[in-house]
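Single-letter residue listing:
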Amino acid sequence: MLFYAFMKDLPRPDMPSLWQFAVANMKALPAVAIPSLNFTGIYGGYTTIAEAGGLAALLSMLAAPIVYRGCTIRELLPITAVAMRRSASIKIIVVAALLFGHWLTETRMPAKLVEFVISTELNAWQFLLFMNLAMLVLGTILEGLLIVLITAPLVIPLFRQFGIDPVHYAIIEVINIELAMLAPPVGLNFFELSGVSKAPVSEVTRGVLPFLALMLLPLGLVAFIPELSLTLPSLFFD
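Just so it is clear, the model here is predicted, and its values are computed rather than measured. (Residues numbered from 1 in each chain as written. Predicted model: local features only at pLDDT ≥ 70, side-chain atom pairs only at ≥ 80, totals over all residues. Heavy atoms only, no water.)

Things to note about the overall build of the protein chain
Logical step 1: Counting secondary structure elements, the protein chain contains twelve helices and zero strands.
Logical step 2: Ordered by position from the N terminus, the helices and strands of the protein chain form the series α-α-α-α-α-α-α-α-α-α-α-α.
Logical step 3: Scored against the burial criterion, the 238 residues of the protein chain give a buried share of 24%.
Logical step 4: Intrachain contacts of the protein chain at a sequence separation of at least 6 include 65% that bridge at least 24 residues.
Logical step 5: By element, 73% of the accessible surface of the protein chain is carried by carbon and sulfur atoms, the whole surface being about 16,600 Å². (Helix = DSSP H or I, 4+ residues; strand = E, 2+ residues; numbered from the N terminus. Buried < 20%, exposed > 50% of the residue type's maximum accessible area, 1.4 Å probe, protein only. Contact = heavy atoms within 4.5 Å. Areas by Shrake-Rupley, 256 points an atom, 1.4 Å probe, with all protein chains shown as cover.)

What follows is the structure, given as structure tokens:
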């Protein structure tokens, strides 16, 4: 990213003073505290994931008008309505994906896929290469959560056959989803960038493509060097 910025001669802000740096960090503390409380609640066993999400939403609604003055109390209701509408659309997608997953189970599609893959005598790296290519293609037309819900029931039965660690595959899928979130034409972050920058989709596409290409490098390294994703979990759980 730094190399790209220097090549394009992008504008650079002045170096902040130590005092400005300290003040900026102090202002960021309330926002940083929200995910910190979430992690503490979830991993400490104090809250469920759903409760942590609700707590984060409540704290954000308080911090926006009171701490950061980003909106007024009166504006919270329409903002909440927009959030509920967007959440509802995601829920519809999730429900459709779950129905699709149940259909796959009833048709024994995963078992048939396992039998087919065994008959083709693929190696583990060939399987991972195929799945990466498949998820990259799916990422251009589907949301990340939908990709997980569709592919997981199909590939999980194959892990034992290829000797693939589920944690390793999960990290690969997360990176693919990050790529999908930026990939045109339906990436969520892709449209967020367009909305925040007030730039047309064509311009955002030209700006995003170099970074998508750069993200392929860590994807390949993580996919074919399992130690990069398995060393840290093995230190804590083995």
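Focus: the packing of aromatic side chains
Logical step 1: Using the criterion set out here, one finds three aromatic pairs in the structure.
Logical step 2: Ring centres of F39 and Y43 lie 6.1 Å apart, and the angle between their planes is 20°; on these two criteria the pair is classed as stacked. In this pair, F39 and Y43 are both assigned in helix α2 (residues 18-43), four residues apart and thus about one turn of the helix distant. Residue F39 shares its accessibility class with Y43, and that shared class is exposed.
Logical step 3: A centroid spacing of 5.1 Å and a plane angle of 50° characterise the contact between F159 and Y169, whose relative ring orientation is tilted. In this pair, F159 sits in helix α8 (residues 159-162) while Y169 sits in helix α9 (residues 166-182), placing the two residues ten residues apart along the sequence. The same class applies to F159 as to Y169, namely buried. (Phe/Tyr/Trp six-rings, centres within 6.5 Å; stacked < 30°, edge-to-face > 60°.)

Digging into the packing of helix α6 (residues 124-139) against helix α7 (residues 144-155)
Logical step 1: Two elements in contact, α6 and α7, have axes whose closest approach is 11 Å; the angle formed by their N-to-C orientations is 155°. Judged by the angle between their axes, α6 and α7 are roughly antiparallel. As for how α6 packs across α7, the hand of that crossing is right-handed. Residues F127, M131, M135, L138 and G139 of α6 touch α7, and the partners they reach there are I147, T151 and V155.
Logical step 2: In terms of residue class, the contact of α6 with α7 is built from six nonpolar, two polar and no charged. (Axes fitted to C-alpha atoms, helices over the stretch in contact; angles between N-to-C directions. Parallel < 35°, antiparallel > 145°, perpendicular 65-115°, else oblique. Left-handed = near helix turned anticlockwise from the far one by under 90°. Nonpolar A, V, L, I, M, F, W, Y, C, P; charged D, E, K, R; others polar.)

With respect to the environment of G139
Logical step 1: Take G139: it is sitting in helix α6.
Logical step 2: According to the relative accessible area criterion, G139 is buried, its value standing at 1%.
Logical step 3: Placed 37 residues apart in sequence, G139 and N176 show a C-alpha to C-alpha distance of 7.6 Å.

Focus on the environment of L138
Logical step 1: Inspection of the secondary structure puts L138 in helix α6.
Logical step 2: Its relative accessible area of 22% is what places L138 among the partly exposed residues.
Logical step 3: Residues L138 and T151, 13 residues apart in the sequence, show an inter-C-alpha distance of 10.0 Å.
Logical step 4: Discounting chain neighbours no more than four positions away, the residues touching L138 are I147 and T151.

Considerations on the nonpolar core
Logical step 1: Ranked by size, the top nonpolar core spans 25 residues in total, and within it F127, V155, I164, Y169 and I172 carry the most contacts.
Logical step 2: Elements with a contribution of two residues or more to this core: α6, α7, α8, α9 and α11 (201-224). (Core = buried A, V, L, I, M, F, W, Y, C linked by side-chain atoms within 4.5 Å.)

Here we look at the side chain of N38
Logical step 1: Structurally, the position occupied by N38 is in helix α2.
Logical step 2: Residue N38 is classed as buried on the basis of its relative accessible area, which comes to 16%.
Logical step 3: Ignoring sequence-local partners within four residues, the contact set of N38 consists of A52 and A56.

Comments concerning α9
Logical step 1: With 17 residues, α9 ought to run about 24 Å at 1.5 Å a step, and its terminal C-alpha atoms sit 25 Å apart, in line with that.
Logical step 2: Here α9 starts with a cap whose side-chain oxygen sits 2.8 Å from the backbone nitrogen of V167, and that cap is D165. (Expected span 1.5 Å × (residues − 1). Polar contact = N/O pair within 3.5 Å; in protein donor to acceptor, adjacent residues only side chain to side chain.)

With respect to a nonpolar patch on the surface
Logical step 1: A surface patch of nonpolar side chains, amounting to about 780 Å² of accessible area, comprises W125, L129, L133, L217, L221, F224, I225 and L228.
Logical step 2: Mapped onto the nonpolar patch, the elements with two or more residues apiece are α6 and α11.
Logical step 3: Position of L228 relative to the elements: it lies in helix α12 (residues 227-237). (Patch = residues over 30% accessible without salt bridge, like charges linked within 9 Å, V, L, I, M, F, W, Y side chains within 5 Å. Salt bridge = Lys/Arg side-chain N within 4 Å of Asp/Glu carboxyl O.)

Any link to function would need more than the numbers given here.
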